[in-house]
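Spelled out from the first residue to the last, the chains are:
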Amino acid sequence: MLITGLLAVLNIQTLLLIFLGVAIGIIFGAIPGMTATMAVALCLPITFGLEPVNGISLLIGLYIGGISGGLISAILLKIPGTPASIATTFDGHPMAARGEAGRALGIGIVYSFLGGLFSILILMFISPPLAKIALKFSSYDYFSITVFALTMIASLSQGSLLKGLLAGGIGVAFSLVGVAPLDGYPRFTFGFHELDGGFGLLPLLIGLYAIGEILKTSESRGTGFSTDEIADYHIKGFGFSLKEFELQLFNMFRSSVIGTGIGILPGIGGSTSNLISYITAKNQSKHPEKFGTGIMDGIVASEAANNASVGGALIPLLTLGIPGDTVTAMLLGGLMIQGIRPGPLLFTTNGPIVYSIFAALIVANVAMLVMEFLAMRGFVRLLSVPKHILFPIIMILCVVGAYATNNRIFDVICLIIFGLVGYGMMRLKFPLPPVVLGFILGPIAELNLRRGLQLSDGSYAPFLHKPISIVFLSVALISLIVSIRNNFKEQKVNQALGKYSKRH
Amino acid sequence: MTSSKRDYIAGFIAFFFGICILLASFGISKTKLAGVGPDYLPKVIAIYIIGLSSFYLLSLVFSKTPSKEKNQKEATAIENKTLLLTIALLIAYVALIESLGFLLVSALFLFGQMYVLAPDKNRNKKNIIFFAVLAIVVPIAVYLLFVNVFDLMLPAGILG
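Cut-offs and rules
- Residues numbered from 1 in each chain as written.
- Chains lettered and ligands numbered in written order.
- Predicted model: local features only at pLDDT ≥ 70, side-chain atom pairs only at ≥ 80, totals over all residues.
- Heavy atoms only, no water.
- Helix = DSSP H or I, 4+ residues; strand = E, 2+ residues; numbered from the N terminus.
- Buried < 20%, exposed > 50% of the residue type's maximum accessible area, 1.4 Å probe, protein only.
- Contact = heavy atoms within 4.5 Å.
- Areas by Shrake-Rupley, 256 points an atom, 1.4 Å probe, with all protein chains shown as cover.
- Rg over C-alpha atoms; globule rule 2.2 N^0.38 Å.
- Lys, Arg positive; Asp, Glu negative; His and termini not counted.
- Charge placed at Lys NZ, Arg CZ, Asp CG, Glu CD.
- Axes fitted to C-alpha atoms, helices over the stretch in contact; angles between N-to-C directions.
- Parallel < 35°, antiparallel > 145°, perpendicular 65-115°, else oblique.
- Nonpolar A, V, L, I, M, F, W, Y, C, P; charged D, E, K, R; others polar.
- Polar contact = N/O pair within 3.5 Å; in protein donor to acceptor, adjacent residues only side chain to side chain.
- Core = buried A, V, L, I, M, F, W, Y, C linked by side-chain atoms within 4.5 Å.
- Domains from an automatic or database assignment.
- Buried area = accessible area lost by both parts, 1.4 Å probe.
- Salt bridge = Lys/Arg side-chain N within 4 Å of Asp/Glu carboxyl O.
- pLDDT = per-residue confidence, 0-100.

Below, the discussion takes up the overall build of chain B. Regarding its fold elements, chain B presents 6 helices and 0 strands. When the helices and strands of chain B are listed from N to C terminus, the series reads α-α-α-α-α-α. Here chain B holds 160 residues, and 40% of them are scored as buried. Contacts in chain B between residues at least 24 apart in sequence constitute 65% of all its contacts with a sequence separation of at least 6. If you sum the accessible surface of chain B, you get close to 9000 Å²; carbon and sulfur atoms cover 70% of it.

From N to C terminus, chain A includes 20 helices and 2 strands. Relative to its length of 504 residues, chain A is compact, with a C-alpha radius of gyration of 22 Å against a globular reference of 23 Å. In terms of overall dimensions, chain A has a C-alpha envelope of 75 × 60 × 50 Å along the principal axes. Taken over 504 residues, chain A has a buried fraction of 61%. Contacts in chain A between residues at least 24 apart in sequence constitute 78% of all its contacts with a sequence separation of at least 6. Just so you have it, chain A exposes about 18800 Å², and 69% of that area is on carbon and sulfur atoms. For chain A, the distance from the average position of its 31 positive side-chain charges to the average position of its 23 negative side-chain charges is 9 Å.

Our next topic: the packing of helix α8 (residues 201–219) of chain A against helix α18 (residues 433–455) of chain A. All names here are of chain A. Viewed as axis vectors pointing N to C, α8 and α18 meet at an angle of 175°, and their least axial separation amounts to 11 Å. Classified by the angle their axes make, α8 and α18 are roughly antiparallel. When α8 is examined against α18, the residues L201, L204, L205, L208 and Y209 are found in contact with a partner set consisting of P433, V435, V436, F439 and I440. Taken together, the residues that form the contact of α8 with α18 break down as 10 nonpolar, no polar and no charged.

Residue and element names in this part refer to chain A. For S456, the position within the fold is in the loop between α18 and α19 (461–465). The exposure class of S456 is buried, given its relative accessible area of 17%. Between the alpha carbons of S456 and Y140 there is a distance of 9.9 Å; along the sequence they are 316 residues apart. Those residues in contact with S456 that lie beyond four places of it in its chain are Y140 and P462. Among the polar contacts listed, one links the side chain of S456 to the backbone oxygen of S459, at a separation of 2.7 Å.

Let us look at the nonpolar core. Note that soluble globular proteins tend to have their nonpolar side chains buried in a common cluster. Counting 201 residues, the largest nonpolar core has F28, L76, L105 and M395 of chain A together with Y93, F102 and F146 of chain B as its most contacted members. For this core, the element with the most residues is helix α5 (residues 86–136) of chain A, which contributes 19 residues. Each of two domains, domain 1 (1–69) and domain 2 (71–160) of chain B, supplies a minimum of three residues to this core. Leave out the neighbours within four places in its chain, and M395 of chain A touches I211, I214 and I416 of chain A together with L90, Y93 and F109 of chain B. F143, A445 and L449 of chain A together with V36 of chain B belong to the second-largest nonpolar core, a separate cluster that totals 7 residues.

Let us look at the interface of chain B and chain A. At the interface, 71 residues of chain B touch 65 residues of chain A. Approximately 6100 Å² of surface area, both sides summed, lies buried where chain B meets chain A, with 78% of it carried by carbon and sulfur atoms. Among the residues chain B hides against chain A, the three largest losses belong to V94, L117 and F150 of chain B. Together they make up 10% of the total. Taken together, the links from chain B to chain A amount to 1 salt bridge. The residue K163 of chain A makes a salt bridge to D7 of chain B at a minimum N-O spacing of 2.7 Å. At the level of elements, α1 (3–25), α2 (40–61), α4 (80–100), α5 (102–117) and α6 (125–149) of chain B are the ones that each hand at least two residues to the side of chain B that touches chain A. Here the side of chain B that touches chain A takes 11 residues from α2 of chain B, the largest share from any one element. Residue classes in the side of chain B that touches chain A are distributed as 50 nonpolar, 14 polar and 7 charged.

With that settled, the discussion passes to unusual backbone geometry. All names here are of chain A. Its identity as a non-glycine residue notwithstanding, L182 has a phi of 75°, on the positive side. Residue position: L182 is located in the loop between β1 (178–179) and β2 (186–187). At F188, a position not held by glycine, the phi torsion is positive, near 50°. Within the element layout of this structure, F188 appears in the loop between β2 and α8.

Let us now look at the confidence of the model for chain B. When pLDDT is averaged along chain B, the result is 85, and 88% of the positions lie at 70 or above. For this predicted complex, the interface confidence score (ipTM) comes to 0.89, while the overall pTM stands at 0.85.

The following block contains the structure:
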């Protein structure tokens, strides 16, 4: 069956469309302010006039390229191109700053490919049973999973644990603006109708990171940042050895499983899977203190997970017709326009199309690997552009991205406000990733809490009776206790070191 | 700014942010749905932030870490002038984009921002001409690409 699918995709026109899609996707993913969602939305009208297989192939190319492209700006500029590559900045940028930009990119690209491939294989072979399990998740279970993911903030906060937890709370607070779930009560809108829909994730993310980074650059003007300090043009292959690859095998596998698993759950997806995978890798590592200094493990964890979420997100989409995020919702639209209705019957009624989708995914994944590898040396050259020229241009692109999402100036205003907030938080040494995680997860937790309580007539008992829910709540509690204990240990060690250095 | 002063400021800002949310959340009326109303999460978050920030401030007061290293000045001096100019440019950019249009205001912003961020040695005549060329070419290229190829909308302003 897959052979017929491959045959449907392996013709010049379809291949060209996939490569074009991947190329546009990578560009959109790499530019801060432009995302995979936007790339798919913009190209959706083009697919109307194409054959079904061609149209879907183009969209899939855009999706895969868009998720993967984020690693480029995350590594080179410390600005995540998309929410899916936040964790890539943690180790990718320090590695690049050490003069190993090529190696960091090579690792990111290869593990994006492998993570993506893993999830595509899962999608091809065991998606129906997995989708059935995902369907069994009730509001109670969703609430508990989200709470579990929120407790991950504790391990995400480098430095002060309390500041990290506070940053997470501030992120949730930002997400409260707009109409409340279920009853549509407008909260904290202060009479501004533009606030009814709440703040967008894009203006928040790009404001905190990109604008914050520009402001941080301007505070250190003239301290030699315009010289090309992090250029590494001598890249051999992908920049890592077979032995290093072997060492990362387990990490890759675990990250891909996390990425696929979170991708399956509607609403959570790639924006959080990279962070959760990174934290898990750090917590299970024998040398957690090395995370954040630019080690391979961190890049592998983040990039394998975010691309694995692509295949994961397609599982409920194809087998149940449920889109998990905005990109898959757009893909669903693209499929429906072609007369293909995803759902349990898709595999029997449109068998050939399903297999061409699988084939297109594999081809697009390979296209992503090849194109990013070939363009890698070009990306690295971006670093030789002085920051005083590069950052103003990035600023313009951020404005275009923020404005174009909803065609309103309001989002651009939010972008600047979040930029100032982000800069202020950086100055006060609040970590930023918890803000983003809280912003994404807060509304999901609230929606499912309120939905669950409505179903149970206000009783909290089902949260403790449902097996999936209780497991995740317990894990959340344990992870919280462990990170608090680790933090105390760290503080004690630091204090002891402080006393030691004072005495000597 | 010393690091301990910075920590106190951080704690107080978070504390007042929590108080503001709590006060504002009393304005949210309850609905008749079963379970918790729309005011529930805002109140929980407000109390969470107030509680944590109070704990944080107390831990600063009673902290035993030697005060010598705490009061160290930040290593790098901060260029307040450049920073304020950048913020002013960003605000002006957003304030004028609708009336003047994307092309014009982006060109002005690009030139201004490049000049402001450039180190002194790069502010010679040759470089300034280069900034000006970039400031004209880049917005036009971005506009053509996104408006004509991708069919996005960008504010046209007085040129439109």
